[in-house]
Amino acid sequence: MQLPFLLSCKSFLNFNDHIYPVTLEDNLLVVDNNPQAINSTPIPRFIITTLKVIGWMTLVLPALAYLGALIFHSANPLISRRQIDAIKALQSEQIGQLQARIDAAARIMLEINLEAEQLKTANEGLTKQNEEGQSQISSLQTNLQRLQKTFEENSRESKSKLAQLETHVEQTLSNFQQERSSLIVANQCLVEETQEKQNQISDLQSKLQGLQGVLEESSEKSLSETARLKTDIKLLQEEIVRLKEAPADQGRPAAPTDLSSSLSASFCLLEPPPPPTFPEQLASYLGNCCPYMSFEQAAGWVEEGRGTLLALRENLLNGYEPQNNEQNYYTKKVTGLIWFLMAKAISKNQGFEEGTFIIEDPQKTIYEFLNKAFAYHRRSSHLPHQSDSNHQGLDFSPKQLPASKTHVLFFPFSLNDQQFIFIKPENHGLQKIDDAIWHAWELILAQSRKFSPWGSDEQHGWRKERIPASEADQFNALVQNLPGGKEAVLKAGKSSRGEGIHVMWKFLSSIENPSEELQKFKAQLETDYDHLNTRIGCEVRFASELWQGLENPLIPLMDG
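Note that the structure is a prediction, hence the values are computed from the model and not measured.

Peer 1: Mind showing me how you'd approach the overall build of the protein chain here?
Peer 2: Along its length, the protein chain carries 14 helices and ten strands. Here the analysis covers contacts within the protein chain between residues at least 6 apart in sequence; of these, 62% occur between residues at least 24 apart.

Peer 1: Would you mind going over helix 14 (residues 516–528) with me for this structure?
Peer 2: Turn by turn, an α-helix covers 3.6 residues, leaving residues three or four places apart pointing in a common direction. If you check helix 14, its first and last C-alpha atoms are 18 Å apart, about what 13 residues at 1.5 Å a residue would give, namely 18 Å. Residues of helix 14 that are buried: Leu-518, Phe-521 and Leu-525. Buried residues along helix 14 cover an arc of 65° about the axis, so they all sit on one side. Facing away from the buried surface of helix 14 by more than 90 degrees, the exposed residues are Glu-516, Lys-520 and Thr-527. Taken together, the buried residues of helix 14 touch helix 11 (469–479) and helix 13 (501–510).

Peer 1: Any chance you could explain helix 8 (residues 327–347) here in plain terms?
Peer 2: Taking 1.5 Å of rise per residue, the 21 residues of helix 8 would be expected to cover 30 Å, and the 30 Å separating its terminal C-alpha atoms lies within 8% of that figure. Taken across its 21 residues, helix 8 has 15 buried, putting it largely inside the fold. Asn-349 occupies a position one or two residues after helix 8 and carries a positive phi of about 60°.

Peer 1: What is the right way to look at the pattern of salt bridges in this model?
Peer 2: Side-chain pairs of opposite charge can arise whenever the charged atoms involved come near each other. Taken as a whole and assessed by the stated rule, the structure comprises eleven salt bridges. Put simply, Glu-551 and Arg-313 hold a salt bridge, and the shortest N to O gap is 2.4 Å. In this pair, Glu-551 sits in the segment after strand 10 (540–542) while Arg-313 sits in helix 7 (residues 295–318), placing the two residues 238 residues apart along the sequence. Glu-551 gets classed as partly exposed once you look at its relative accessible area, which sits at 47%. With a relative accessible area of 19%, Arg-313 lands in the buried category. Linking Lys-405 and Glu-354 is a salt bridge whose minimum nitrogen-to-oxygen distance equals 2.6 Å. In this pair, Lys-405 is assigned in the loop between strand 7 (392–395) and strand 8 (407–415) and Glu-354 in the loop between helix 8 and strand 5 (357–360), connecting sequence segments 51 residues apart.

Peer 1: When you look at the sheet that holds strand 8 in this model, what are you seeing that I'm missing?
Peer 2: Either a parallel or an antiparallel arrangement is found when strands of a sheet pair, and the pairing is made through backbone hydrogen bonds. Reading across from one edge, 6-7-8-9-5-10 is the order of the six strands in this open sheet, with mixed pairing throughout. Because the sheet does not close on itself, it has two edges, and the strands there are strand 6 (376–377) and strand 10. Together, strand 5, strand 7, strand 8 and strand 9 (418–426) form the strand contacts of helix 9 (residues 365–372), whose direction differs from that of strand 9 by roughly 45°.

Peer 1: I would appreciate a short explanation of the packing of helix 12 (residues 485–492) against helix 13 in the present structure.
Peer 2: Packing of helix 12 against helix 13 leaves a shortest axis separation of 8 Å and a crossing angle of 160°. One element, helix 12, and the other, helix 13, form an angle in the roughly antiparallel class. For helix 12 against helix 13, the interelement crossing comes out right-handed. Residues Gly-485, Ala-488, Lys-491 and Ala-492 of helix 12 pack against Val-503, Met-504 and Phe-507 of helix 13. In terms of residue class, the contact of helix 12 with helix 13 is built from five nonpolar, one polar and one charged.

Peer 1: Is there a simple way to think about the nonpolar core in this case?
Peer 2: Nonpolar side chains in soluble globular proteins generally cluster together in the buried interior. Counting 47 residues, the largest nonpolar core has Leu-309, Phe-357, Ile-359, Ile-366, Leu-370, Ile-423 and Leu-546 as the members making the most contacts within it. Looking at this core, the elements with two or more residues in it are helix 6 (278–289), helix 7, helix 8, strand 5, helix 9, strand 8, strand 9 and strand 10. No other element matches the eleven residues that helix 8 contributes to this core. Once residues within four sequence positions are removed from consideration, Leu-309 is found in contact with Leu-337, Phe-340, Ile-366, Leu-546, Trp-547 and Leu-550.

Peer 1: In this structure, what is going on with the confidence of the model for the protein chain? I would like to understand it.
Peer 2: Low pLDDT means the predicted coordinates in that region are not meant to be read closely. Summing up the model confidence of the protein chain, the mean pLDDT is 76 and the portion of residues at 70 or higher is 68%. Below pLDDT 50 for its whole length, residues 1–10 participates in 29 contacts with residues either more than four positions away or in separate chains. Predicted confidence is poor over residues 248–271, with pLDDT under 50, and the contacts of this stretch with residues over four places away or in other chains come to 34 contacts.

Peer 1: I would appreciate a short explanation of the environment of Phe-420 in the present structure.
Peer 2: Assignment of secondary structure puts Phe-420 in strand 9. Sequence separation of Phe-420 and Ile-358 is 62 residues, and the distance between their C-alpha atoms is 6.6 Å. Beyond its immediate chain neighbours, meaning those up to four positions away, Phe-420 contacts Ile-358, Ile-359, Glu-360, Asp-361, Phe-411, Pro-412, Phe-413, Leu-415, Thr-534 and Arg-541.

Conventions used here
- Residues numbered from 1 in each chain as written.
- Predicted model: local features only at pLDDT ≥ 70, side-chain atom pairs only at ≥ 80, totals over all residues.
- Heavy atoms only, no water.
- Helix = DSSP H or I, 4+ residues; strand = E, 2+ residues; numbered from the N terminus.
- Contact = heavy atoms within 4.5 Å.
- Expected span 1.5 Å × (residues − 1).
- Buried < 20%, exposed > 50% of the residue type's maximum accessible area, 1.4 Å probe, protein only.
- Arc of directions from axis to C-beta.
- Salt bridge = Lys/Arg side-chain N within 4 Å of Asp/Glu carboxyl O.
- Pairing = 2+ DSSP bridges.
- Axes fitted to C-alpha atoms, helices over the stretch in contact; angles between N-to-C directions.
- Parallel < 35°, antiparallel > 145°, perpendicular 65-115°, else oblique.
- Left-handed = near helix turned anticlockwise from the far one by under 90°.
- Nonpolar A, V, L, I, M, F, W, Y, C, P; charged D, E, K, R; others polar.
- Core = buried A, V, L, I, M, F, W, Y, C linked by side-chain atoms within 4.5 Å.
- pLDDT = per-residue confidence, 0-100.

Shown next, in the form of structure tokens:
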């Protein structure tokens with residue numbers, strides 16, 4: 001074996017940069033006379049050279065001096081044999097000490113060599129890490145430059161679109177002011193025309209009342225005279241109906257209907273019309289909110305949604321799982337689901353242009369299905385008291401959903417230990433920049449309408465998850481002086497800033513011996529809303545009835 005550095009005697013006794021390998025053969029150290037160059041860094045070589053100098057000063061030179069003295073004493077005849085033996089013993093002891101020092105120095109050199117190797121390895125590792133760090137820094141700088149360039153391009157594009165939007169808004173406001181002025185003038189004219197028409201109706205009503213009196217007084221007259229009077233009354237009624245149904249300009253107020261109703265009740269000349277069928281209700285909704293959609297197309301989407309809910313119900317019973325995972329599959333299924341929900345709302349006379357569906361979803365069946373349909377996370381301000389931040393959205397093509405919506409917001413939430421899903425069709429999503437800008441603009445308009453004297457965020461036919469301001473104010477006036485009334489008002493909130501109508505209804509139900517006004521208000525709530533134990537606002541609510549009767553088509557099959 002080879003012993004580097006101090007384990008080589010010849011290398012220890014000189015100051016050059018070579019070592020002499022030493023091998024152990026038959027328990028003897030054999031030194032190779034062929035020197036080998038030391039392959040090490042300057043620091044280890046300096047340490048070795050220093051140790052060599054120290055070794056020369058402390059070991060080699062004293063040993064040489066001692067050997068010279070020994071030779072001198074051995075050649076001196078004056079020194080006795082006993083002294084020689086003592087000197088030899090002392091020499092043996094000193095040689096042993098010297099050997100021990102040499103061994104200690106060899107161990108120190110070995111440790112230094114090992115530390116030098118470790119330092120070399122650590123230096124190589126640091127060098128490699130430095131190179132990797134430089135590479136990462138270069139990559140990050142490149143990515144930063146690319147991101148800065150992309151941000152600048154998006155910023156320029158957003159500024160351009162924002163400028164176009166501001167121009168469009170200014171033009172819209174200008175057109176609105178012009179139309180408002182023209183409508184004020186036209187309304188004044190219409191009021192005058194309506195007043196004149198009402199005067200004519202009043203005159204005819206007076207004549208009719210006179211004829212009715214004559215008819216009552218002449219009950220004993222001949223049947224022919226009575227028939228003539230009835231004919232005159234009928235002609236007058238037809239004249240009144242003709243005046244009411246006369247063509248009018250757009251925006252003309254409708255004529256009062258009290259007279260026609262009284263005549264119909266008195267003489268049974270007009271029978272009440274039958275309630276509209278569901279196809280008629282759907283056709284009316286399409287004409288008002290979806291002129292781009294034919295009845296046949298809407299009926300097809302409703303049938304598609306019925307099949308989707310039926311499949312979801314079978315999923316709970318028989319482990320049904322869709323086989324196709326493509327986005328188009330889920331887009332088609334979700335579109336049909338939204339149309340089916342709207343059709344069920346229309347059948348309840350709750351179809352809307354702006355509104356929300358809230359559905360009992362105890363097993364999160366509908367939520368898990370919508371979550372598979374390539375939804376993305378987004379922010380929203382709906383139901384802050386009931387839901388968490390797990391709000392998601394789906395985008396659709398224009399003229400695909402009811403009321404020209406292109407986005408569906410949905411999220412799960414719990415209320416009174418029950419699980420629900422919130423589904424709201426919206427005009428714009430948040431994934432694209434232009435959609436996000438329009439969405440923000442609609443939010444600004446919605447908030448401004450709450451404080452604007454020209455409009456309200458509560459319009460007829462809207463079915464949003466908020467308490468109407470009139471009902472919130474009435475509840476406040478009725479219960480604020482009752483025990484616990486102020487807490488109930490704060491908890492129920494106003495608009496969408498509270499927990500909802502169910503707080504109002506539960507508080508009214510808990511009052512013992514309520515006043516007549518409280519009873520009327522509670523009865524009115526029970527007439528206007530269903531599912532009052534979990535009702536939030538004016539939203540369209542579905543419970544277990546949504547899953548019933550799915551085997552039968554909602555729209556009867558049409559001929560042809």
